[in-house]
Amino acid sequence: PMANATPRRSWVVAGYLMAAATAVVGGGLSPTAARAASGGAARVQSLSPGSAPAGSTPLGPVAAAQSVDLSFVLSSSSGGQLQSLLTNLYDPASSQYQHWLARGQFDQQFGPTPAAVAAVTSWLAGQGLAPRRATEFSIAVTAPAGKLSTLLATSLQRYRTPAGTVGFIANQAPLLPQSVIGAGVASILGLNTFASLSPAIVQPSRQVGHTT
């Protein structure tokens, strides 16, 4: 059942989250992963941070002691249903148009499974980090750049854009253990500080009648 209880902004935020983690609505990770010899771990290409903006100047690696924030975004337990609902909520022709979920229903119906949360949290804690639940869909961690680089087997490189913005980006896709890959990590936010979020949902255009 639906209820007019959840504010519009909550769904807009959910749309931005889906954009940041396109695999969330697809139900899991892309199968594109290069296996490594380290205990069955794999370098997951679907989590590649991309590249620095065109024309950027490399400034060298991030200082090992610099504090870095990462968020491991988990896949929805019902990705296909979530995409359908988000689309219908903004479609005037749908019977679900603007029928917002009641408070708490979104997390209950579409949040990641407890097993997925436990897998990522346990792995991070086992590496000496202090993971925290940032949102229903994400687990956050703050640690020195050097430690995170070792954990994910990828260095963090600093760049200056032509506009003068300085940031950093991981030089390759992260290496993750199979337990974490199986948990459905859809995105790791913070590996590319130049990245920006954008809505993954395109609202249907409204037909405007013409009068003569």
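Quantities reported herein were computed from a predicted structural model and do not represent experimental measurements. (Residues numbered from 1 in each chain as written. Predicted model: local features only at pLDDT ≥ 70, side-chain atom pairs only at ≥ 80, totals over all residues. Heavy atoms only, no water.)

Colleague: Can you tell me about the overall build of the chain, naming the residues and giving the values?
Modeller: Counting secondary structure elements, the chain contains seven helices and ten strands. Looking at the chain as a whole, 40% of its 212 residues are labelled buried. Looking at the chain alone, contacts between residues at least 24 apart form 73% of all its contacts between residues at least 6 apart. For the chain, the exposed area adds up to about 11,000 Å²; of that, 53% sits on carbon and sulfur atoms. (Helix = DSSP H or I, 4+ residues; strand = E, 2+ residues; numbered from the N terminus. Buried < 20%, exposed > 50% of the residue type's maximum accessible area, 1.4 Å probe, protein only. Contact = heavy atoms within 4.5 Å. Areas by Shrake-Rupley, 256 points an atom, 1.4 Å probe, with all protein chains shown as cover.)

Colleague: Lay out helix α6 (residues 145-152) with the relevant residues and their values.
Modeller: When we look at burial in α6, the residues that qualify are Ala145, Leu148, Ser149, Leu151 and Leu152. For α6, the angular spread of buried residues about the axis comes to 160°, placing them on one side. Tucked into the core, α6 has its buried residues touching β2 (42-44), β4 (67-74), α5 (114-126), β6 (138-144), β7 (156-160) and β9 (175-176). (Arc of directions from axis to C-beta.)

Colleague: Which residues make up the confidence of the model for the chain, and what values go with them?
Modeller: Averaged over all residues, the pLDDT of the chain equals 79, while 72% of them reach at least 70. Predicted confidence for residues 1-32 stays below pLDDT 50, and this span has 83 contacts to residues more than four positions away or in other chains. Scored below 50 in pLDDT, residues 207-212 shows zero contacts in the model against residues more than four places distant or in partner chains. (pLDDT = per-residue confidence, 0-100.)

Colleague: Report on the sheet that holds β7, specifying residues and quantitative values.
Modeller: Strand pairing in a sheet is mediated by backbone hydrogen bonds. Such pairs are either parallel or antiparallel. One open sheet accounts for three strands, arranged β3-β7-β8; its pairing is antiparallel. Looking at the sheet topology across the chains shown, the edges are occupied by β3 (57-61) and β8 (166-170). Strand-to-strand, the axes of this sheet are offset by a mean angle of 35°, without reference to chain direction. One ladder, built from four bridges, connects β3 with β7; its direction is antiparallel. (Pairing = 2+ DSSP bridges. Axes fitted to C-alpha atoms, helices over the stretch in contact; angles between N-to-C directions.)

Colleague: Give a description of the nonpolar core that names residues and reports values.
Modeller: Counting residues in hydrophobic clusters, the biggest one holds 31 residues, and the most contacted among them are Leu70, Phe72 and Val120. Listing elements by their share of this core, those giving two or more residues are β2, β4, α5, β6, α6, β8, α7 (178-183) and β10 (185-189). Examining the composition of this core, we find that five residues originate from one element, α5, more than from any other. Ranked by size, the runner-up nonpolar core spans ten residues in total, among them Leu82, Leu89, Leu101 and Phe137. (Core = buried A, V, L, I, M, F, W, Y, C linked by side-chain atoms within 4.5 Å.)

Colleague: An account of unusual backbone geometry is needed here, citing residue identities and associated values.
Modeller: In the Ramachandran plot, Ala153 falls in the positive-phi region, its phi being about 55° despite a non-glycine side chain. Within the fold, Ala153 resides in the loop between α6 and β7.

Colleague: Describe α5, naming the residues involved and giving the relevant values.
Modeller: In this model, α5 (13 residues) spans 18 Å end to end at C-alpha, consistent with the 18 Å of a helix rising 1.5 Å per residue. Every buried residue of α5 is accounted for by Ala116, Val117, Val120, Trp123 and Leu124. In an axial view of α5, the angular spread of the buried residues amounts to 140°, which keeps them on one side of the axis. The exposed set on the far side of α5, more than 90 degrees from its buried face, consists of Pro114, Ala115 and Gly126. Downstream of α5 by one or two residues, Gly128 has phi in the positive range, about 85°. (Expected span 1.5 Å × (residues − 1).)

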